[in-house]
Amino acid sequence: MQCYKVFLAAAILMTCHPSALGNVTLDDFQTDVVVKDRSNEVLKEALQLALQQVLVKASGDPEVAGQATVHDHLSSAQNYVERYEYLPDPNDPSHQKLILHVKFSPKSVRELLGQKNTPQEISSEDGWTIHVYGINGLNDFSDVVNYVRALSSVISVEASTVDSDDVILTVKSTAGIEALKKAIAAANDHRLQPFVADKKAQEVTPAMLTYRWVASSIVDKEME
Amino acid sequence: MRQLTLNLHLSEKITFDNFIVGENLELMSALKNLFSNDEFCWYLWGEQSVGRTHLLQACANYASQLQKKAMYVALSDYVNLSPDIVRGMDQYDIVLWDDVDSIAGLNEWEVALFHAYNQLQSAGSKLICTASMSPLSCQIQLPDFRSRLAAGVTYQIKPLCDEDKLTALQQRANLRGMQLSDSVGHYMLSHCSRNLSDLFALLDKLDSASLEEKRLLTVPFVKTVLS
């Protein structure tokens, strides 16, 4: 189906919207597209156009839809939709056209925009998050904190959440998260071992590292 | 006026009030105002365990409270049903088809639902469908039926965050007469599947085990059951 079937309601938004990501309002995640009917073909194209408009509004970048990492997702625009509905077009006395009002999920759109620069966008100012499982009592907790504190490049370690057998640490470091990961992997005693507690959660929080704390006696046995 | 239901235990306990809203506030508000909205067909989709069935059954109960005739059909149970069941549905004020995508590719079902759709629309009834995927991704083969499902109001039901899942777990536990502490709830969320159906299944298991062993729900007890 050709693009002419979809009439862009606010094409000007595509080229000169001034907003920046930091000033995005909820209205920036919804938009209207004039459509000629309710067919799936028209809907699919309209949703893509609507997503393009919203991406421009939310990013402030008129070229954002052309970027490869974003462009690849336009064909699955429906997955970013939170709600859509058809409304009569007040400017069409013949009632032939409709307005497709689309609201996108702010979270999904932000994630889509974040995909293009994820490694750079993660700031170390607030610290990296390390989730350590397998904590068995106060001694282990203290050992883990001291262990992480002793890693090269680490400036400070704070426990943000302590549970019965796991702890979430906020680690400030002079190096990036990859360097931190390497430092942990390079430690001779292997007491922090990579651990996937929840694959899905790990995928959406790339700044969080997850490990299992292993008792030294077990490490010794495993090394033998 | 009573609602009818086919092949599913429609619980009167399932209401909008005990749906953990999370980020679905707008959807909840829209559903509560369903009968004042002109749109005929509503399509709600979301991944597994987001509460599709809960919402649909809550709609049926809500309609019943408003003296509307409601019909709920669990289409995921199509193997035990005949497509003929959707005949004559236009006598109802609201018809609710749960898991409509489960009959995708079954021609007899698709044709039957397509005709029912048209009859419902002509009769001025409301139709709410749920599915696991967006209308454009839905694998319905009959093009006209697929188009019609996508032609109304469409909402994506958003999954709950962990804090809301904890609330859902605690609410579920309360309904079973159990007390689920925050620490036990957090333990379940961090050590088990985050899928709410799985968590509810685990809660059922814990309920049985705690009754059997006459133990309270504590983290050590949950660890024992899990192991």
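Residues numbered from 1 in each chain as written. Chains lettered and ligands numbered in written order. Predicted model: local features only at pLDDT ≥ 70, side-chain atom pairs only at ≥ 80, totals over all residues. Heavy atoms only, no water.

Quick word on the overall build of chain A
Here's step 1: The helix and strand tally for chain A stands at 9 helices and 9 strands.
Here's step 2: Counting only residues that meet the buried cut, chain A has 43% of its 224 residues in that class.
Here's step 3: Considering only residue pairs separated by 6 or more positions, chain A has 66% of its internal contacts joining residues 24 or more positions apart.
Here's step 4: When the accessible surface of chain A is summed, it comes to about 11900 Å², and 53% of that surface belongs to carbon and sulfur atoms. (Helix = DSSP H or I, 4+ residues; strand = E, 2+ residues; numbered from the N terminus. Buried < 20%, exposed > 50% of the residue type's maximum accessible area, 1.4 Å probe, protein only. Contact = heavy atoms within 4.5 Å. Areas by Shrake-Rupley, 256 points an atom, 1.4 Å probe, with all protein chains shown as cover.)

Digging into the overall build of chain B
Here's step 1: Counting its secondary structure elements, chain B contains 8 helices and 6 strands.
Here's step 2: Starting at the N terminus, the α and β elements of chain B follow one another as β-α-β-α-β-β-α-β-α-β-α-α-α-α.
Here's step 3: A total of 227 residues make up chain B; the buried ones form 51% of that total.
Here's step 4: Taking the intrachain contacts of chain B between residues at least 6 apart in sequence as the baseline, contacts between residues at least 24 apart amount to 76%.

Some points on the sheet that holds strand 5 (residues 128-133) of chain A
Residue and element names in this part refer to chain A.
Here's step 1: Pairing is mixed in the open sheet, where 5 strands are placed in the order 6-7-5-9-8. Each edge of the sheet is formed by a strand with only one pairing partner; in this case those strands are strand 6 (154-162) and strand 8 (192-194). On average, each strand axis in the sheet is inclined to that of its neighbour by 35 degrees, with strand direction left out of account.
Here's step 2: With 5 bridges connecting them, strand 5 and strand 9 (residues 208-213) associate as parallel partners. Note that in strand 9 the partner of T129 across the bridge is M208. (Pairing = 2+ DSSP bridges. Axes fitted to C-alpha atoms, helices over the stretch in contact; angles between N-to-C directions.)

Looking at empty space enclosed by the protein
Here's step 1: Enumeration according to the criterion identifies 2 cavities of 30 Å³ or more in this entry.
Here's step 2: Size it by volume and the largest cavity reaches roughly 50 Å³.
Here's step 3: As for the largest cavity, its lining consists of A:L47, A:Q78, A:V81, A:Y84, B:W45, B:S134, B:P135, B:L136 and B:T154.
Here's step 4: Looking at the lining of the largest cavity residue by residue, the classes come out as 6 nonpolar, 3 polar and no charged.
Here's step 5: Along the walls of the second largest cavity sit A:E82, B:E23, B:N24, B:E26, B:L27, B:Y155, B:Q156 and B:K158, which together make up its complete lining.
Here's step 6: When contributions to the lining of the second largest cavity are tallied by element, the ones reaching two or more residues are helix 1 (25-32) and strand 6 (153-156) of chain B. (1 Å grid on protein atoms, 1.4 Å probe; cavity = no way out; pocket = protein on both sides within 12 Å on 5 of 7 lines; lining within 4 Å. Points joined across faces, edges and corners; volume = space filled by probe spheres on them. Nonpolar A, V, L, I, M, F, W, Y, C, P; charged D, E, K, R; others polar.)

Quick look at the pattern of salt bridges
Here's step 1: Throughout the structure, instances matching the rule amount to 13 salt bridges over all chains.
Here's step 2: The residue A:R38 makes a salt bridge to B:E39 at a minimum N-O spacing of 3.1 Å. With A:R38 in the loop between strand 2 (30-35) and helix 2 (40-59) and B:E39 in the loop between helix 1 and strand 2 (41-45), this pair bridges two chains.
Here's step 3: Given a relative accessible area of 14%, B:E39 falls into the buried group.
Here's step 4: Ionic pairing is found between B:E26 and A:K103, a salt bridge with its closest N-O pair at 2.7 Å. One end of the pair, B:E26, is in helix 1; the other, A:K103, is in strand 4 (residues 98-104), on a second chain. (Salt bridge = Lys/Arg side-chain N within 4 Å of Asp/Glu carboxyl O.)

Comments concerning the confidence of the model for chain A
Residues and elements named next belong to chain A.
Here's step 1: Of all residues in chain A, 72% have pLDDT values of 70 or greater, and the mean over the chain is 74.
Here's step 2: Mean pLDDT across the elements of chain A bottoms out in helix 1 (residues 13-16) (33) and peaks in strand 4 (93).
Here's step 3: This model gives residues 1-24 a pLDDT under 50, and the stretch forms 47 contacts once residues within four places in sequence are excluded.
Here's step 4: Scored below 50 in pLDDT, residues 200-204 shows 4 contacts in the model against residues more than four places distant or in partner chains. (pLDDT = per-residue confidence, 0-100.)

Concerning helix 2 of chain A
All names here are of chain A.
Here's step 1: Taking 1.5 Å of rise per residue, 20 residues should cover 28 Å, and helix 2 covers 28 Å from first to last C-alpha, within 8% of that figure.
Here's step 2: The buried fraction of helix 2 is high, at 17 of 20 residues.
Here's step 3: Two residues or fewer past helix 2, G60 is found with a positive phi of approximately 75 degrees. (Expected span 1.5 Å × (residues − 1).)

With respect to the interface of chain A and chain B
Here's step 1: At the junction of the two partners, chain A supplies 26 residues and chain B supplies 25 residues.
Here's step 2: Of the roughly 2100 Å² buried between chain A and chain B on both sides combined, carbon and sulfur atoms contribute 40%.
Here's step 3: Of all residues in chain A, A:N40, A:E82 and A:Y84 give up the largest surface area on contact with chain B, accounting jointly for 27% of the area buried on that side.
Here's step 4: Where chain A touches chain B, the interface holds 4 salt bridges.
Here's step 5: On inspection of chain A and its partner chain B, the count reaches 12 residue pairs in polar contact (both at pLDDT 80 or more). (Buried area = accessible area lost by both parts, 1.4 Å probe. Polar contact = N/O pair within 3.5 Å; in protein donor to acceptor, adjacent residues only side chain to side chain.)

Topic: unusual backbone geometry
All names here are of chain B.
Here's step 1: Even without being glycine, Q67 reaches a positive phi, approximately 65 degrees.
Here's step 2: Counting through the fold element by element, Q67 comes out in the loop between helix 2 (52-65) and strand 3 (70-74).
Here's step 3: In the Ramachandran plot, D99 falls in the positive-phi region, its phi being about 55 degrees despite a non-glycine side chain.
Here's step 4: With respect to the helices and strands, D99 occurs in the loop between strand 4 (94-98) and helix 3 (107-123).

Section: the pairing of strand 4 of chain B
Residues and elements named next belong to chain B.
Here's step 1: Extensive coverage of strand 4 is indicated by the burial of 5 of its 5 residues.
Here's step 2: The alternating pattern of strand 4 places I94, L96 and D98 on one face and V95 and W97 on the opposite face, and all of these are buried.
Here's step 3: As defined by bridge partners, strand 3 adjoins strand 4 across 5 bridges and the pair is classed as parallel. Bridge assignment links A74 to a residue of strand 4, and that residue is D98.
Here's step 4: The pairing of strand 4 with strand 5 (residues 126-131) spans 4 bridges and is classified as parallel. In the strand pairing of strand 5, V95 is matched with L127.
Here's step 5: Tracing the backbone out of strand 4, into helix 3 and back to the parallel element strand 5 gives a crossover that is right-handed. (Right-handed = clockwise from strand over helix to strand, strands pointing away.)

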